[in-house]
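What follows is each chain in one-letter form.
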Amino acid sequence: MKSTGSIYLLTFFLILGSAMAASAQAADGEEQVQPRFRAGFFWEGYQLNDKNLTNFYGHYQKNLPGFEASVHTAYNIDAWAAYRVYTDEAKTTYYGLVDKFRLNMVSLGALYRISTGLLEPFIGAGFEFYRYSEKIEGQTDIPGTSDIPGTSDSAVGFHIQFGTYVNITKFLAGKFFVRVSEVNKTLTNPLPDDTTKLELGGKEFGFSLVVRF
Amino acid sequence: MRRAVLLLTLMAVVVIAAGMAISASSGTAGTTSSQVVQAPLIETFKLTADASGNWRHPGVAEDSKGNRLVIFRGPSGDRYWYAYCKKGGSWSSPALIPNQPSLTNSLYADIAVDSTDRFHCLWEKTNEAPVYGSFRDGEGWSGVQKLPLTGRYDLVDAIAVRSTDEVLAVDTRVIGSSKDIWLHTKKKDQAQFSAPKNLTNDWEGSTQGWLAVDSKDHIWVVHKSDYPYNPDPTQDILVIYLSHWDQNNNPVTIDPVEIWQFVSETWGWSFLPQVAVNSEDKVMTAWAFALGANDYVSRLYNPSTKTLGPIIPVNIGLTRNPWHTFYLRLAAHGKDFYLAVIDSARILYLYRFDEMTSKWIRVAQVSDRSVEQFDLYSGYDRMLVAWSSWEDPTDVYLTAVEVNPLIPPTKHLTIQAGSGGTTDPAPGTYTHRTGSSVTITAIPNFPFEFTSWSGDVTGSTTSITVILDADKTVKANFRYLIQPAVNVTVQKKVERGFFNAYYFNILSWESNPLNTAQGVTIAAQRIYRKLRTEANTQWTRIVEVSPTTMTYIDRNVAKYSDYVYAVACVDASGIESPFY
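Residues numbered from 1 in each chain as written. Chains lettered and ligands numbered in written order. Predicted model: local features only at pLDDT ≥ 70, side-chain atom pairs only at ≥ 80, totals over all residues.

**Regarding the overall build of chain B**
The line we're drawing: Think of it this way: any DSSP run of H or I at least four residues long counts as a helix, any run of E at least two long counts as a strand, and we number them from the N terminus. Note on burial: count the other C-beta atoms lying within 10 Å of the residue's C-beta; 20 or more is buried, 12 or fewer is exposed, in between is partly exposed, and C-beta positions come from the backbone.
On a plain count of helices and strands, chain B comes out with two helices and 43 strands. Here chain B holds 580 residues, and 40% of them are scored as buried.

What follows is the structure in structure tokens.
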């Protein structure tokens, strides 16, 4: 409930900001030259859809950094890419060995951005390319008891997103975004609880500091 | 003249020698001989309780230890008395058999001895049920009772014992004009006789039954019968029958063997048939008849060849006499048959059957005076004849005629049990008939196991059959059976990551205190496993661990499978304990 409320609050501020930027641009009435490239670092909250996974590792949401870049193409459309890494850690059920989970996420998509001066609201969609792995680290003093095999595999999905840039200077902007992704994987080897479906997509929301050039 | 003097002197010596032999009182066994030809030794005791005069109708028997029991009709004639003599001792004073129902006029006694040296006695009186009582050295009398049938009874009753110590008695019951031979049985340790069985349902007029038991515990019964289908009422047809019954008292042959038929235009009586079975299971029958040739006769039946021999007369030289002249008793002694009969002067003689010549040979003159009634019993090395005097009916005599010693009729079986178990029959010393077989079962106590028999037998089967052709000692040996570990517990565990897991069971157990108490050295422990739903034949050994290990992790388990475990211990000789 808490995170859902945050999304609503963030959406409210994005819409409010867009309206304020549109009204300011209309008041200035001057035409500005748009930089073609944008690159930035972001900080986001990631809420994985897979309840088995979040229950096992114990975190409903992880906050993680990421990198993104985009290039303007034509007709207010940017080609956009992002990379971030989701990690979590737990202990095995009996021996308490360290169980590390890592999810490398690459996003490729397009943004449709409206330039209104101070604010540049956008919407976008694209594909998600994930690589996940699990690794058990540690050893007990009982031979043969630490051989839970590691796992790694990949999954592909898609996303949609929306948000707004907030132009701070000519070369610097902030960005607020919400992204929803769907990345499902059918497992060949079921999980110990016999589940075969892995839902690696989730909800992301955060902000970026973007350099425009 | 000198020749006459010498002749008279020689006759006098012969007469004196014979007289000394006959009149010896309370004699003991003299020198042994392989075949007795001299006059018998006689030991005599005399009733002192009463001098009023009564026929004594004695019965006699000897147990395997040489102890002797004589029973006889008491002073008033309504009850039986007894006298007992332990081997090498003196006779007890005659005394009344206790707890005895009154029969008014008791008659016809017979005694049999079982494998435990218990004397089984039977006596009866005309028109009443026979009375049974048993006596054992050191225990005295017990179980004195009337046989269960009521009704009118005819004279003559006989008792015998099977190798199982089942007591058998035959008697004659008279119902209206019908007379039948009834068999009474009392199994060992059974207090009362069972309901009797009519052996002669189909043969009317059956009386004077007698029985003997062979080595297979079959019963042979003789009796006389009025010819059942006599078409001519002017004739009296009497028949002697021999019938054969198995160990369950069922007839072996559907019809009895008719061994003699007597047809007379006058009344015939007093046949008193007797039967005995020797150590070769040959069946001798003997009876008397009063008319015609006037003699005792016998007939031998060989069951193995199913041949009935000729009628053999005893040739005692009877003359026509009162009916009570004709009295006889037959007994087997080893493979020999002996017959006690009285002659026309009522002098009692003992005869032995010579199978080679098929003749009865006189062995001894038993009495030096006329005899009223008598009983014959085969002792170890004596044929015992208890008899009462015709002239002086208060006296009862016992004459012991030396004969070839028997292979002891009984053997002693000593059963022992080693530490850790017992046997069935329980350890102890038992007396059984020579040649009989006894099955002994070893019964180990927990936690021991039977290993072997030792002594006079060998083997390792739990039950073993011992043939008592000699005194034997048998010991059941047991050994401690190493026991499995105890308190085996299983914890089902799972070691899980997110994507993978493995399952395992943690076992723990404790050493068995019984092994510790027995000082057993455990060489190894073997862990067995099966699915809970599997049968006990599905146990699989999964690992052998050291004797000091008390825990084990079984990682080779399938998800969701429910296993049960057992831990067997192995001793230094490699013997593994049971484990389930």
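That was the structure; now back to the text.
**Things to note about the overall build of chain A**
For the record, the criterion: What counts as a contact here is a pair of residues whose C-beta atoms, placed from the backbone, lie within 7 Å.
When its secondary structure is counted, chain A shows two helices and ten strands. Taken from N to C terminus, the helices and strands of chain A fall in the order α-β-α-β-β-β-β-β-β-β-β-β. Sequence-distant contacts, at least 24 apart, represent 62% of the contacts inside chain A between residues at least 6 apart.

**Notes on the environment of Gln247 of chain B**
Residues and elements named next belong to chain B. Within the fold, Gln247 resides in the loop between strand S17 (236-245) and strand S18 (257-264). Of the residues examined, Gln247 has 16 C-beta atoms within 10 Å and is grouped as partly exposed. The sequence separation of Gln247 and Lys216 amounts to 31 residues, and the corresponding C-alpha distance is 7.1 Å. Beyond its immediate sequence surroundings of up to four residues, Gln247 is in contact with Lys216, Asp217 and His218.

**A few points about the interface of chain B and chain A**
Opposite the twelve residues of chain B that make contact, chain A presents 18 residues. Among the elements that make up the side of chain B that touches chain A, the one with the highest residue count is strand S38 (residues 486-496) of chain B (four residues).

**Focus: the sheet that holds strand S34 (residues 437-444) of chain B**
Residues and elements named next belong to chain B. Our working rule: When DSSP finds two or more bridges between a pair of strands, those strands are recorded as paired. Working convention: axes come from line fits to C-alpha atoms, limited for helices to the stretch in contact. Angles between N-to-C directions cover 0 to 180 degrees.
Taken in spatial order, the three strands make up an open sheet running S32-S34-S36, and their pairing is antiparallel. Of all strands in the sheet, those with a lone pairing partner are strand S32 (421-424) and strand S36 (463-467), marking the two edges. Going from strand to strand, the sheet's axes swing by 30 degrees on average, the running direction of each strand aside.

**Concerning unusual backbone geometry**
Residues and elements named next belong to chain B. Of note, the amide linkage connecting Asp424 to Pro425 takes the cis form, showing an omega dihedral of 5 degrees. Cis geometry marks the peptide bond from Phe446 to Pro447; its omega dihedral reads 5 degrees. The backbone phi angle of Asn99 is positive, close to 55 degrees, even though this residue is not glycine. Tracing the backbone shows Asn99 in the loop between strand S5 (95-96) and strand S6 (107-113). On the neighbour-count criterion, Asn99 (11 C-beta atoms within 10 Å) is exposed.

**A short note on the sheet that holds S38 of chain B**
All names here are of chain B. Pairing in this open sheet of three strands is antiparallel, and the strands run S38-S39-S42 from one edge to the other. One side of each edge strand has no neighbouring strand; the edge strands of this open sheet are S38 and strand S42 (551-554). Direction aside, neighbouring strands of the sheet carry axes that sit 20 degrees apart on average. Pairing between S38 and strand S39 (residues 501-510): nine bridges, direction antiparallel. Note on S39: the bridge partner recorded for Val494 is Tyr503.

**Focus: the nonpolar core**
Test applied: Connectivity within a nonpolar core runs through C-beta atoms within 7 Å, and the core itself is a set of buried Ala, Val, Leu, Ile, Met, Phe, Trp, Tyr and Cys residues.
If you look at the biggest cluster of nonpolar residues, it comprises 103 residues, and the most contacted ones within it are Leu339 and Val385 of chain B. Apart from residues lying up to four places away in sequence, Leu339 of chain B is in contact with Ala286, Tyr296, Val314, Leu328, Leu330, Tyr351 and Trp360 of chain B. Leu48, Tyr86, Met105 and Leu198 of chain A belong to the second-largest nonpolar core, a separate cluster that totals 18 residues.

**Looking at the environment of Ile342 of chain B**
Residues and elements named next belong to chain B. Residue position: Ile342 is located in strand S25 (residues 336-342). The class of Ile342 is buried, set by 28 C-beta atoms lying within 10 Å. Along the primary structure Ile342 and Ser367 are separated by 25 residues, whereas in three dimensions their C-alpha atoms are 9.3 Å apart.

**Describing the confidence of the model for chain A**
Applied cut-off: Predictor confidence is given residue by residue as pLDDT, running from a minimum of 0 to a maximum of 100.
Considering every residue of chain A, the mean pLDDT works out to 85; 81% of them sit at 70 or more. Across residues 11-31 of chain A, confidence stays below pLDDT 50; counting only partners more than four residues off in sequence or on other chains, it has 23 contacts.

**Notes on the pairing of strand S2 (residues 62-74) of chain A**
Residue and element names in this part refer to chain A. By the bridge criterion, ten bridges tie strand S1 (residues 37-48) to S2 in an arrangement that is antiparallel. Residue pairing for S2: Phe37 is matched across the bridge by Val71. With eight bridges joining them, S2 and strand S3 (residues 77-91) adopt antiparallel strand pairing. Residue pairing across strands places Gly66 opposite Arg84, the latter belonging to S3. What sits between S2 and S3 in their antiparallel hairpin is a turn of two residues, with Tyr75 showing a positive phi close to 55 degrees.

**Examining the environment of Ala400 of chain B**
Among the structural elements, Ala400 of chain B can be located in strand S30 (residues 395-402). Separated by 24 residues in sequence, Ala400 of chain B and Leu376 of chain B have C-alpha atoms that sit 9.8 Å apart.

**Section: the confidence of the model for chain B**
Residues and elements named next belong to chain B. Averaged over all residues, the pLDDT of chain B equals 82, while 79% of them reach at least 70. When the elements of chain B are averaged for pLDDT, helix H1 (residues 2-23) gives the smallest value, 35, and strand S19 (residues 274-277) the largest, 96. Taken together, the stretch residues 1-37 has pLDDT below 50 and engages in 27 contacts with residues farther than four places along the chain or on a different chain. The ipTM for the predicted assembly is 0.81, set against a pTM of 0.52.

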